[in-house]
Amino acid sequence: MTCSTLIINGQSFLEAQSLEATIASNITYIPQSGQSLAYNLQAKAVDFILNYQWNFPAQLLDMFPNIKDISNNSVIPIEPKEDKLLWNHTTTGVLSLQDAYSFISKSYQHHLWSKFIWNPAIPPSNSTLMWRIIHRKMPTDENLAIRVKQPIDLTSAITTLNISKKGWNPQCALIITAAVMVVFKAIWYCRNQIRFKGKQVSQNAIISSIIASVALTGNSTKLATGSSIYEFTILKAFSVQTNHPKAPQIIEVIWCPPFGQWLKCNTDGSALGSPGLSACAGIYRNNIGDCVGCFASHLGTQNSFFVELMAIILAI
């Protein structure tokens, strides 16, 4: 492990390696000859310990007197201990799950402004608004275009109607189409009122008229909507009741097992169009319901009566 210390007989392996490297760096060259000893140093620090004391050869100490000062800084254990791993990044040396997660997890920048905006004395609505502004979550035109995954093209009536082809559910797609058409009608109506009658229609009246017209269309359709909360918000904005999709119809079939060693064969046939493409099949089960055999056959272009009869014949 690159981030741990191996304790062997009570002595730190990394500390021993560091001591060996320090000693080796100080005796790499012989002062008299200048020859390199880097490739000839085979001894380890433990080889110079005798009776729990450092025991360097006198000749080595005479040539390199600083080795004694270096070795004195390393503590020799009095009694041997079991080998174990120590985690260098903790004070106790124990690697806990929290320490491991903190070590490998990404360090995120702590924002000081978060403590200021989320304060009990500030209304949560103001804090939420500021949080959305900082994280660029406000419903601006750019963000709304990103939500529909494609930019909204309003250059023509045809491209505007393409908004309803963004993958909405049937009822929501109809509501959006109706809303676009009603908005065009409202713009034309306001334009005519100003040009021919000199009247300016209030904004609230136009919005109410648009919502009422879209609600009339939405509540008149039987198209189903989905489970998207975003589409649910759109429907409620136009006062449209949601049409939930119908649950699939489940037909209960009671199958009675045969008696004793008998086998029961259930057959069925189908013809698309009668006459039309047809096929039949059958399955054999024993008295405990286990499948012991089955068959299927393509019969070409036939009617329903022929297909059902052929299924029984093939089963026999």
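What the protein contains, in helices and strands, is twelve helices and eight strands. Within the protein, the proportion of its 316 residues that are buried is 23%. Across the protein, contacts joining residues at least 24 apart in sequence account for 49% of those joining residues at least 6 apart. Counting every atom, the protein has about 24,000 Å² of accessible surface; 60% of that belongs to carbon and sulfur.

It is worth spelling out the packing of aromatic side chains at this point. Under the definition given, this model contains two aromatic pairs. Ring centres of W168 and Y230 lie 5.9 Å apart, and the angle between their planes is 25 degrees; this geometry places the pair in the stacked category. With W168 in the loop between α8 (157–161) and α9 (170–196) and Y230 in helix α11 (residues 229–237), this pair connects stretches of sequence that are 62 residues apart. A relative accessible area of 35% places Y230 in the partly exposed class. A centroid spacing of 6.3 Å and a plane angle of 50 degrees characterise the contact between Y284 and F295, whose relative ring orientation is tilted. With a gap of eleven residues between them, Y284 in strand β7 (residues 276–285) and F295 in strand β8 (residues 291–302) connect regions that are remote in the sequence. The residue whose ring lies beneath K264 is W255, and the NZ or CZ to ring-centre distance is 5.6 Å.

In globular proteins that are soluble, nonpolar side chains generally tend to be buried together. Ranked by internal contacts, the top residues of the largest apolar core, which has 17 residues, are W168, I175, I210, V214 and F238. For this core, the elements supplying multiple residues, two or more each, are α9, α10 (203–218) and α11. By residue number, the principal contributor to this core is α9, which donates eight residues.

Of note, S239 is a non-glycine position whose phi angle comes to about 55 degrees, a positive value. Mapped onto the elements, S239 comes out in the loop between α11 and β6 (264–272).

There is a patch of nonpolar side chains on the surface, built from L129, M130, I133 and I134 and spanning about 330 Å² of accessible area. If you trace the backbone, L129 turns up in helix α6 (residues 124–134). On the basis of relative accessible area, L129 is assigned to the partly exposed category, the value being 42%.

As a further point, take the sheet that holds β7. Read across the sheet, three strands follow the order β6-β7-β8 without closing on themselves; strand pairing throughout is antiparallel. With partners counted over all chains shown, the strands left at the sheet margins are β6 and β8, one partner each. On average, adjacent strands in this sheet sit at an angle of 10 degrees to one another, irrespective of strand direction. Pairing between β7 and β8: ten bridges, direction antiparallel. In the strand pairing of β8, C280 is matched with S297. Taken strand by strand, helix α12 (residues 304–315) contacts β6, β7 and β8, and its axis lies near 155 degrees from that of β6.

So, about the pairing of β7. Regular strands place their side chains on alternate faces of the sheet. The pairing of β6 with β7 spans nine bridges and is classified as antiparallel. Paired with L272 across the strands is L277, a residue of β7. Here β7 hands over to β8 after five residues, with G289 in that stretch at a positive phi of 90 degrees.

Among the structural elements, Q171 can be located in helix α9. Here the side chain of Q171 touches Q241 through a polar contact of 2.8 Å, landing on its backbone oxygen. For Q171, the residues in contact, after removing those within four places along its chain, are G218, T221, L223, A224, T225, L235, V240, Q241, T242 and N243.

Looking now at the state of the cysteines. This structure, assessed with the given rule, holds zero disulfides. Cysteine C265 shares no disulfide, and the gap to the nearest cysteine sulfur, in C294, comes to 9.7 Å. Residue class for C265 comes out partly exposed when judged on its relative accessible area of 27%.

How each quantity is defined
Residues numbered from 1 in each chain as written. Predicted model: local features only at pLDDT ≥ 70, side-chain atom pairs only at ≥ 80, totals over all residues. Heavy atoms only, no water. Helix = DSSP H or I, 4+ residues; strand = E, 2+ residues; numbered from the N terminus. Buried < 20%, exposed > 50% of the residue type's maximum accessible area, 1.4 Å probe, protein only. Contact = heavy atoms within 4.5 Å. Areas by Shrake-Rupley, 256 points an atom, 1.4 Å probe, with all protein chains shown as cover. Phe/Tyr/Trp six-rings, centres within 6.5 Å; stacked < 30°, edge-to-face > 60°. Lys NZ or Arg CZ within 6 Å of the ring centre and 35° of its normal. Core = buried A, V, L, I, M, F, W, Y, C linked by side-chain atoms within 4.5 Å. Patch = residues over 30% accessible without salt bridge, like charges linked within 9 Å, V, L, I, M, F, W, Y side chains within 5 Å. Salt bridge = Lys/Arg side-chain N within 4 Å of Asp/Glu carboxyl O. Pairing = 2+ DSSP bridges. Axes fitted to C-alpha atoms, helices over the stretch in contact; angles between N-to-C directions. Polar contact = N/O pair within 3.5 Å; in protein donor to acceptor, adjacent residues only side chain to side chain. Disulfide = S-S within 2.5 Å.

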